[in-house]
Amino acid sequence: QATDTDTYDVVVVGSGAGAMTAAIFAADQGMSVLIVEKGDKYGGTSALSGGGIWVPNNHYFKAKGGNDSYEQALTYLKASTEGKVDEARLHAYLDNAPKMMQYLEENTRLHYTVAEKYPDYYPHLPGSLPGGRTLDPELFDTTQLGDEADNLMPASPTTLLMGKIAWTARHAHKAMARERGWRLLMVWLMLRYKFDFKQRRKTRRDRRAALGNALIASLRASLIDRKVPLWLNTDFQELVETDGRISGLIVKRDGTEQLIKVRQGVILGSGGFEQNQALRDKYLPQPTKVEWSATPPGQNTGAALEAGQALGAATELLDWGWWAPTIRVPKENKSRGVFAERAFPGAIVVNGQGKRFVNEAAPYLEFVDAMYKDNAVSGGQSIPAWVIFDSKFRFNYAMGPLMPSQVMPDSRLPKAWHKTVYWKADTLEALAGEIGVDAAGLADTAKKMNAYAASGNDEDFQRGGNVFDRYYGDSNVKPNPCLAPLQKGPFYAMRMDAGDIGTKGGLLTNERGCVVREDGSEIKGLYAIGNCSASVMGTSYPGAGSTLGPAMTFGYIAVNDLVSQR
Ligand code: FAD
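The notes below deal with the structure included here. Remember, predicted model here, so these are calculated numbers, not experimental data.

1. Topic: the overall build of the protein
Counting secondary structure elements, the protein contains 17 helices and 23 strands. Here the C-alpha atoms of the protein give a radius of gyration of 23 Å, agreeing with the 24 Å that 2.2 N^0.38 yields for 566 residues. Considering only C-alpha atoms, the protein reaches an extent of 70 × 55 × 50 Å along its principal axes. Counting the 566 residues in the protein, one finds 62% classified as buried. Looking at the protein alone, contacts between residues at least 24 apart form 73% of all its contacts between residues at least 6 apart.

Below you can see the structure in the form of structure tokens.
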């Protein structure tokens, strides 16, 4: 039996970036607000992310003389979303995203900078920009959190240099693209970490949080400034509706059921359903597996979706994920996303027939979408797909957990990784045999790619043919920074699954962030943000930060709507 012990103006469910942003705005509007988080750490997938936020027409870019406009961004968003998203929601996003970021920058501990050279993901579409819309977090000193630093979801080793050292997206890009001075930068980052004696005596964890960890840590510190309570180990279960309005919610806190009443509303920010195999089987294209997700195990299981559906909420995009190819590593509890490495010159991705089926450098959503499409026509040959590269590539570039062999030779790789994470053979033919890929098909593909590398022109998929592909290419490689031959054995293969960084579909909301029914009527007092809501981006991924940007922006919008109703 639930006991009624607490009443707040607003309760926010989940502690990802959108949820925390909403709670900050609510507190600043004089509302009493509580955050409930199911996990024993706060931050969700947001804390493991790159922390990039896609905000067209933002003030950071303008301050640096950048050129963007509302109209240009609208043109781009309309083209990306192909008319599938209600225009009022696109306007709401474009109106509010820059305001939301400016407010946070000026009134909280969150600090961002503009990625001037990070291109939009669809450079061929009208209104796209070659940079200036993605914002990256600055490093954040977690000592500002005091004891709450221990409750921060630890960053994923994939996002840290050598699995432990904090670096910004700018640093990571410089190293990956092997820009001038990258070696010096690496040494400086390593020394800074090593000689932080005060912190090293206490823990291996870097005092600086980076990327998504910096985003979440800075939001959490700003919530502490505002004395906003955050209950961990508190599992949201059901919504309570009274006289046609949300009046509360039932949670299980440390195992005990409790009713929390709300005066104004509930903002659901409890993520998608990617950690729920039954819902994956029900809604997502097949095959699909929880283990392929790069998100924290057991957390986002679709609680908001099911609670909203129980009240008659409409849903959209349930058959879509924020797709990303992933690699599984033994002993790690989630898969690792492969975001940038596919563009590096000299790696190709093939299906079981040894054939390429996509531009390897394509945005991660499109890449996995292509895996599903090719899987359907090739009779199940592309899931998994295989990334193949030679020893020259292996020496120079990272691929998933394999750091370049110049810093991490094969002899230093964990033994358990051989034939689980990577396969290796002296010839391409032998490698094909090891992984069960058609050897003649692979030989043919490699021959073609070697010719494309020489001419600089990928005649099949135009890899390296646009500014987005080239962003992660190697500028030292000519004539095409994304193409190099596969020639020098031993050769390597790694398995890529059709993974995700969250699901994309969920409760349908209107331009004010309010959850609606099929007939468009609002469920009064109920808001959904982030991956528990159907994405404002439709089936597209317009630029880096297209999931966190809307989550945070619609958190801001939802609170503004609550304010307007007071
Ligand atoms: P989350 O951040 O996952 O937060 C949901 C929270 O709700 C979790 O803490 C969960 O425990 C909690 N919860 C779930 N159920 C309940 C319940 N019943 N009761 C209470 N609490 C509950 N996106 C970008 O835009 N930019 C990037 O740079 C970026 N990089 C990424 C890199 C990686 C490696 C990964 C994995 C993802 C990345 N993403 C990025 C995607 C992005 O992190 C997610 O899409 C985003 O964090 C989802 O936000 P959310 O608030 O919906 O969910």
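2. Regarding the site of the ligand
The immediate surroundings of the ligand are formed by 34 residues, with E37, S46, N531, T547 and L548 found nearest. At a separation of 2.6 Å, an oxygen atom of the ligand approaches a polar side-chain atom of E37. Separating a nitrogen atom of the ligand from a backbone N or O atom of G52 is a distance of 2.9 Å. Alone, the ligand offers 1,000 Å² of accessible surface; in the complex the protein occludes 96% of this. Looking at the shell around the ligand, the elements that each hand over two or more residues are α2 (44–48) and β9 (234–242). The leading source of residues in the shell around the ligand is α2, at 4 residues. A breakdown of the residues in the shell around the ligand according to their chemical character gives 9 nonpolar, 22 polar and 3 charged.

3. Focus: the sheet that holds strand β5 (residues 134–137)
Sheet strands pair by backbone hydrogen bonding; their relative direction is either parallel or antiparallel. Read across the open sheet, the 3 strands follow the order β3-β5-β4; overall the sheet is antiparallel. In this open sheet, the two edge strands, each paired with only one partner strand, are β3 (53–54) and β4 (112–114). As judged from the 3 bridges shared by β4 and β5, these two strands associate in the antiparallel manner. By the bridge assignment, V114 is partnered in β5 with L135.

4. Points about the side chain of D390
Relative to the helices and strands, D390 is located in the loop between β17 (385–389) and α13 (391–396). Here D390 sits buried without a salt bridge, and the closest side chain of opposite charge, K392, lies 7.2 Å off (N-O distance). A distance of 3.0 Å separates a polar side-chain atom of D390 from the backbone nitrogen of F393. When sequence neighbours within four positions are dropped, the list of residues in contact with D390 reads G346, P485, L486, Q487, K488, P490, F491 and Y492.

5. With respect to helix α5 (residues 87–107)
Between its first and last C-alpha atoms α5 spans 30 Å; for 21 residues at 1.5 Å apiece the expected length is 30 Å, and the two agree. The axis of α5 is deflected most strongly, by about 30°, at N96, and proline P98 appears within four residues downstream. For α5, every residue scored as buried is listed here: R89, L90, A92, Y93, L94, N96, A97, P98, M100, M101, L104 and E105.

6. Structural notes on the nonpolar core
In this structure, M101, I267 and L268 are the most contacted members of the largest nonpolar core, which totals 157 residues. Setting aside chain neighbours within four positions, we find M101 in contact with I53, V55, H59, Y60, L110, Y112, L135 and M552. Membership of the second largest hydrophobic core comes to 20 residues, among which are I435, V437, L483 and A493.

7. Here's the deal with the packing of aromatic side chains
In this structure the tally under the stated criterion is 24 aromatic pairs. Judged by centre distance (5.6 Å) and plane angle (75°), the ring pair of Y121 and Y364 falls under edge-to-face. Of this pair, Y121 sits in the loop between β4 and β5 while Y364 is found in helix α12 (residues 364–377), placing the two residues 243 residues apart along the sequence. Measuring from centroid to centroid gives 5.0 Å for F393 and Y397, while their planes differ by 50°, and the two rings are tilted. Owing to a relative accessible area of 2%, F393 belongs among the buried residues under this scheme. Its relative accessible area of 6% is what places Y397 among the buried residues. Three or more aromatic residues joined by ring pairs form one cluster here, namely Y118, Y121, W322, F339, Y364, F468, Y471, Y472 and Y541. Over the face of the ring belonging to Y193 we find R200, whose NZ or CZ atom lies 3.8 Å from the ring centre. Stacked on the ring of Y492, the Lys or Arg R394 has its end atom at 5.7 Å from the ring centre.

8. Structural notes on unusual backbone geometry
Cis geometry is adopted by the peptide bond preceding P287, which originates at Q286 and carries an omega value of 0°. Here P287 lies in the loop between α10 (277–283) and α11 (303–310). With an omega of 0°, the peptide bond between K478 and P479 qualifies as cis. Of note in this structure, D254 is not a glycine but carries a positive phi near 45°.

9. A short note on the environment of D6
Along the chain, D6 falls in strand β1 (residues 3–13). Sequence-wise, D6 and L34 are 28 residues apart; in three dimensions their C-alpha atoms are separated by 9.8 Å. Setting aside chain neighbours within four positions, we find D6 in contact with W231, Q258, L259, I260 and K261. Only 2.8 Å separates the side chain of D6 from the side chain of Q258, close enough to count as a polar contact.

Parameters at a glance
Residues numbered from 1 in each chain as written. Predicted model: local features only at pLDDT ≥ 70, side-chain atom pairs only at ≥ 80, totals over all residues. Heavy atoms only, no water. Helix = DSSP H or I, 4+ residues; strand = E, 2+ residues; numbered from the N terminus. Rg over C-alpha atoms; globule rule 2.2 N^0.38 Å. Buried < 20%, exposed > 50% of the residue type's maximum accessible area, 1.4 Å probe, protein only. Contact = heavy atoms within 4.5 Å. Near = heavy atom within 4 Å. Polar contact = N/O pair within 3.5 Å; in protein donor to acceptor, adjacent residues only side chain to side chain. Areas by Shrake-Rupley, 256 points an atom, 1.4 Å probe, with all protein chains shown as cover. Nonpolar A, V, L, I, M, F, W, Y, C, P; charged D, E, K, R; others polar. Pairing = 2+ DSSP bridges. Lys, Arg positive; Asp, Glu negative; His and termini not counted. Salt bridge = Lys/Arg side-chain N within 4 Å of Asp/Glu carboxyl O. Expected span 1.5 Å × (residues − 1). Bend = angle between axes of the 7 residues up to and from the residue. Core = buried A, V, L, I, M, F, W, Y, C linked by side-chain atoms within 4.5 Å. Phe/Tyr/Trp six-rings, centres within 6.5 Å; stacked < 30°, edge-to-face > 60°. Lys NZ or Arg CZ within 6 Å of the ring centre and 35° of its normal.

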